[in-house]
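Here are the chains, one letter per residue:
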Amino acid sequence: MSSTAIPVNSAASAAISPEKEQRKQALQTWLAGVNGHAMKLASMRAASADASFRQYYRIDTEDGNSLIAVDAPPATENSAAFIKMANLLKSINLTVPEVLAHDIAQGFLLVTDMGMRTYGQVLNSDNAHKLYLDAIDSLILFQAQSQPDVLPEYDRAFLLRELNIFKEWYVAKHLGVTLTDAQNATLDKVFDHLLASALAQPQVYVHRDYHSRNLMWMDKGNPGIIDFQDAVYGPITYDLVSLLRDAYVQWDEEIVLDWAIRYWEKAKRAGLPMAPDIDSFYRDFEWMGLQRHLKILGIFARLSHRDGKHHYIGDIPTVMEYVRKTSHRYKELIPLLRLLDELQDNTPQVGYTF
C-alpha cells in the first residue's frame, strides 16, 4: 500500500494579513476576559490553517496543558453549528473538542486541544489498518444516531451547487475553457446520474469532511474528530468515501475495497440501512466519490485563484486520478472521461509557479 500526506499546519506559517492581524488582536482581547482556564496569553501562537477562513491558535495553560482559540469570522463561518455538532457528537461518546467559551457575535471560540497528530501526519503501512478501523467504528456510531430534521438536508440542489463549482472554477477559471453546448449537455447528463445515485441512498448524518486532516490520532478514544460544523443529513456513503478516497492520502485500491467491505459488514450489524449486496454498495460508494471529487477539483482551483492558497493545486493530480479511474469503470460515466480528454487537449499549456 502507498500513501502521501501533507501536514495540517502546512500553511500555518504563512504571512498574516492586516485584517487577520486585527481579528487576532480582538481575539486576544476577548480571551483576556475569559476566566477560569489559567491561560498564558503571551504563549498564543498559530496552531494550524485550513481551507476555510478560520484561524487556530494554541495557548499554553499554567498546568502545563494547552487550549485552542478559534477565530471564525461570522460572515463566512458558522460557529453556532460547530457548537451544536460538538454537543451532539459528545452526547454519543465520540471524541471531539469541548467548547469552553464562545462569542458567537464575534466568531470566537475557546476549545480543548486535541493535540498535534492528525491521521495525515502519522499514517503509515504499519498503523493504517488499526487507525482506519477506529475511524470506521466512530463513523458507524455517528450514523447510527441519525434522525431527519436535525441537520440541514443534503438535497439535490445542494449537491448540484457543489458539482457546478467544478464547472465554474476548475473548467472555466483553472483550465480557461468555455464549454460548448454539447459539452455542457454531456456534463449535465453525468451530473444527473450522480445526483440520482446519491439521492437514492439511505440518508444519515454526514460530517462532509471526514478525512485524514480532520481526524486526530488520540491515545484514548481514537479518533478525535474536528471540523464538523458543516454536517448535513445525506447519502450514507459520503463520509466513507471521504475517508477512504482522501484527497490528501491515497491507498491502493485493494486496501480501500477491503476497508469498504469491513464498513459494510459492520454497518449492517449495527442496523444501518445498507445496500443488500456489496456490489451495489460499492457502486454507490464510487459514484458518491465522483461527485465529491469533481467538487474538490473546483474547490482546489477556487482556493488557488480566489483565495491565494496555491498549494492546493499540488493535490489536484490525486483527485483527478480518482475521477478518471471511476469514470472508466462505468458505461454511464465514460462520457465524462472523454470530455476530460477533450478539455486536456484544448487547454492552453500554462506553467504555474508558486
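See the structure shown above.
Here we summarise the structure given alongside this text.

**Topic: the environment of A105**
Next, step 1: Position of A105 among the secondary structure elements: in the loop between β4 (99–103) and β5 (108–112).
Next, step 2: Judged by its relative accessible area of 72%, A105 falls in the exposed class.
Next, step 3: The spatial distance from the C-alpha of A105 to the C-alpha of P73 is 9.1 Å, given a sequence separation of 32 residues.

**Focus: helix α6 (residues 181–200)**
Next, step 1: Taking 1.5 Å as the rise per residue, α6 with 20 residues should run 28 Å; its terminal C-alpha atoms sit 28 Å apart, in good agreement.
Next, step 2: Taken as a whole, α6 has its buried residues at Q183, L187, V190, F191, L194, L195, S197 and A198. An end-on view of α6 places all buried positions within 160° of arc, on one side of the element. Opposite the packed face of α6, turned more than 90 degrees from it, sit the exposed residues D181, A182, K189 and A200.

**Notes on empty space enclosed by the protein**
Next, step 1: Tallied over the full model, the rule gives one cavity of 30 Å³ or more.
Next, step 2: Here the largest cavity is characterised by a volume of approximately 60 Å³.
Next, step 3: Contributing to the lining of the largest cavity are M85, L89, L94, S138, L139, F142, H207, Y210, I225, F228 and A231.
Next, step 4: Mapped by element, the contributors of at least two residues to the lining of the largest cavity are α2 (79–91) and α4 (128–144).
Next, step 5: A per-element tally of the lining of the largest cavity places α4 first, with three residues.
Next, step 6: Its residues assigned to classes, the lining of the largest cavity shows nine nonpolar, two polar and no charged.

**Description of the pattern of salt bridges**
Next, step 1: According to the stated counting rule, one finds 24 salt bridges in the structure shown.
Next, step 2: With a shortest N-O distance of 3.4 Å, K295 and E162 are connected by a salt bridge. One end of the pair, K295, is in helix α9 (residues 278–305); the other, E162, is in helix α5 (residues 156–174), and 133 residues separate them in sequence.
Next, step 3: Taken together, the shared-partner salt bridges in this structure form one network comprising R245, E253, E286, E321, K325 and R329.

**Concerning the packing of α5 against α9**
When two helices pack together, their arrangement is given by the angle between the helix axes and by the axis-to-axis distance.
Next, step 1: At a minimum axis distance of 7 Å, the contact between α5 and α9 shows a crossing angle of 45°. Of the possible angle classes, the one that applies to α5 and α9 is oblique. Every pair of crossing elements has a handedness; the one defined by α5 and α9 is left-handed. In contact with L159, E162, L163, I165, F166, W169, Y170, K173 and H174 of α5, α9 contributes M288, Q291, L294, K295, L297, G298, I299, A301, R302 and H305.
Next, step 2: Per-class residue counts for the contact of α5 with α9 are eleven nonpolar, four polar and four charged.

**Structural notes on the packing of aromatic side chains**
Each aromatic ring pair is specified by the distance between its two centres and by the angle formed by the two planes.
Next, step 1: Following the criterion strictly, the structure yields 16 aromatic pairs and no others.
Next, step 2: When the centroid spacing of 5.6 Å and the interplanar angle of 40° are considered together, the rings of F142 and Y205 count as tilted. Of this pair, F142 sits in helix α4 while Y205 sits in strand β6 (residues 203–206), and the two are 63 residues apart along the sequence.
Next, step 3: Seen from their ring centres, Y248 and F300 are 6.0 Å apart, and the 40° between their planes marks the pair as tilted. Pair noted here: Y248 is in the loop between α7 (238–244) and α8 (253–269) and F300 is in helix α9, with a separation of 52 residues, a long-range link.
Next, step 4: Since its relative accessible area comes to 3%, F300 is described here as buried.

The rules we used
- Residues numbered from 1 in each chain as written.
- Predicted model: local features only at pLDDT ≥ 70, side-chain atom pairs only at ≥ 80, totals over all residues.
- Heavy atoms only, no water.
- Helix = DSSP H or I, 4+ residues; strand = E, 2+ residues; numbered from the N terminus.
- Buried < 20%, exposed > 50% of the residue type's maximum accessible area, 1.4 Å probe, protein only.
- Expected span 1.5 Å × (residues − 1).
- Arc of directions from axis to C-beta.
- 1 Å grid on protein atoms, 1.4 Å probe; cavity = no way out; pocket = protein on both sides within 12 Å on 5 of 7 lines; lining within 4 Å.
- Points joined across faces, edges and corners; volume = space filled by probe spheres on them.
- Nonpolar A, V, L, I, M, F, W, Y, C, P; charged D, E, K, R; others polar.
- Salt bridge = Lys/Arg side-chain N within 4 Å of Asp/Glu carboxyl O.
- Axes fitted to C-alpha atoms, helices over the stretch in contact; angles between N-to-C directions.
- Parallel < 35°, antiparallel > 145°, perpendicular 65-115°, else oblique.
- Left-handed = near helix turned anticlockwise from the far one by under 90°.
- Contact = heavy atoms within 4.5 Å.
- Phe/Tyr/Trp six-rings, centres within 6.5 Å; stacked < 30°, edge-to-face > 60°.

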